[in-house]
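# Observations on the three-dimensional arrangement
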Amino acid sequence: MDLTTAQPTDRTTAGFTPSPVEPLAHQLLATLAQHRMATTSQLHVLLRPDRSRQSVSERLNDLLDELLIDFAVLPQSHRTRVWYLTPKGARLTRDWPALRGRPPYPITTATAASLKTPHTLTVLRTHLAFVTDARRRGDEHGHLDWTPEVFHAIGDGEKVVADAVMHYTLIDGQQRRKLRAFVEVDRATMGAERLAAKLIEYARLWTYEPQPIGRRRQAGGPGWLRWYPVFPRVLFVLTGAGRQAIDNRISDLKAMVAHHPLVAELAREVPLGAAVLEDIEKHGATDDVWAPLTAGTLLSWTEL
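Residues numbered from 1 in each chain as written. Predicted model: local features only at pLDDT ≥ 70, side-chain atom pairs only at ≥ 80, totals over all residues. Heavy atoms only, no water.

### Some thoughts on the overall build of the chain
A count of helices and strands for the chain gives 9 helices and 10 strands. Here the chain holds 304 residues, and the buried ones make up 47% of them. Of the contacts made within the chain by residues no fewer than 6 positions apart, 63% connect residues no fewer than 24 positions apart. Carbon and sulfur atoms form 52% of the exposed surface of the chain, whose accessible area is close to 15300 Å². (Helix = DSSP H or I, 4+ residues; strand = E, 2+ residues; numbered from the N terminus. Buried < 20%, exposed > 50% of the residue type's maximum accessible area, 1.4 Å probe, protein only. Contact = heavy atoms within 4.5 Å. Areas by Shrake-Rupley, 256 points an atom, 1.4 Å probe, with all protein chains shown as cover.)

Encoded structure:
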């Protein structure tokens, strides 16, 4: 079940892009606070696709001069810069309304940045695929509608960590359909069994009911209702391996759904799907490139 509301009749058909009224410098800082790090090209596509890349570079250099951001250089990349907030930049953005409650996780050295770079940039690359598709369709999905590294308790002192939580508003005529998804980005750096085990963690989150400390046990409902009106669908985005290896990993995800009782129960209520990042980028995130983890032919992620 998703939330659907009426669309105002005066809505334009232009794709959703960040407001040019808000200063670009502010948007750059907010984006780096939200996503941890990004290349100049990614920031250009995300924030000012209709402007020159030079306009973004100039503002980044201004922020660099103010010691609010710093950069590391990607190896073997023709000196591509990866930007991140300095501790000063993290302090500045910490209490901004759009970022309230978001841990700053400042990166203090280029070495620390390089350790996080491959996975962080791939997660952001996935976000850009959804952003680009949303603009083409006229849907709403902006630079702050994707929150990386989201933690939720699942009991016994354990947590599930989503690579990202996505908020997306699908526009269909006068209807606005609000969708949410936990997104797991797999670069084939972990074993297939460990990847599939993420489904168990989400199934535990789905059923987990926190108990107030020092009170008698009460039926308070699932803990996820504190953050979401509907449990988000779970999307796996795979890259970093050959097609056969990726197909095998998707098969392992399907096997977990088929054979684990709690995951099977989750799958009856929550849409679960997997797709290849390169297919999303080539065909569009809403194209029929998503494999349902239950059974069936390829679908759009919105129709899982």
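### Concerning the nonpolar core
If you look at the biggest cluster of nonpolar residues, it comprises 33 residues, and the most contacted ones within it are Phe182, Leu199, Phe236, Leu272 and Leu293. Looking at this core, the elements with two or more residues in it are strand S5 (146–155), strand S6 (158–172), helix H6 (192–207), strand S8 (233–238), helix H7 (243–259), helix H8 (261–269) and strand S9 (272–276). The element that contributes the greatest number of residues to this core is H6, accounting for 7 residues. With residues near it in sequence (within four places) discarded, leucine 199 still touches Phe236, Leu253, Met256, Val257, Val263, Leu266, Leu272 and Leu293. By size, the runner-up hydrophobic cluster in this structure holds 24 residues, among which are Ala38, Leu46, Val56 and Trp96. (Core = buried A, V, L, I, M, F, W, Y, C linked by side-chain atoms within 4.5 Å.)

### A word on the sheet that holds strand S2 (residues 37–39)
Taken together, 3 strands build an open sheet; the order of strands is S2-S4-S3 and the sheet is antiparallel. One side of each edge strand has no neighbouring strand; the edge strands of this open sheet are S2 and strand S3 (69–73). The sheet shows a mean angle of 30 degrees between the axes of neighbouring strands, direction not considered. Across 5 bridges, the pairing between S3 and strand S4 (residues 81–85) is antiparallel. Its bridge partner lying in S4, phenylalanine 71 is registered against tryptophan 83. Lying on the sheet, helix H1 (residues 24–35) is in contact with S2, S3 and S4; it crosses S4 at an angle near 90 degrees. (Pairing = 2+ DSSP bridges. Axes fitted to C-alpha atoms, helices over the stretch in contact; angles between N-to-C directions.)

Function cannot be read off these values alone, since they describe shape.
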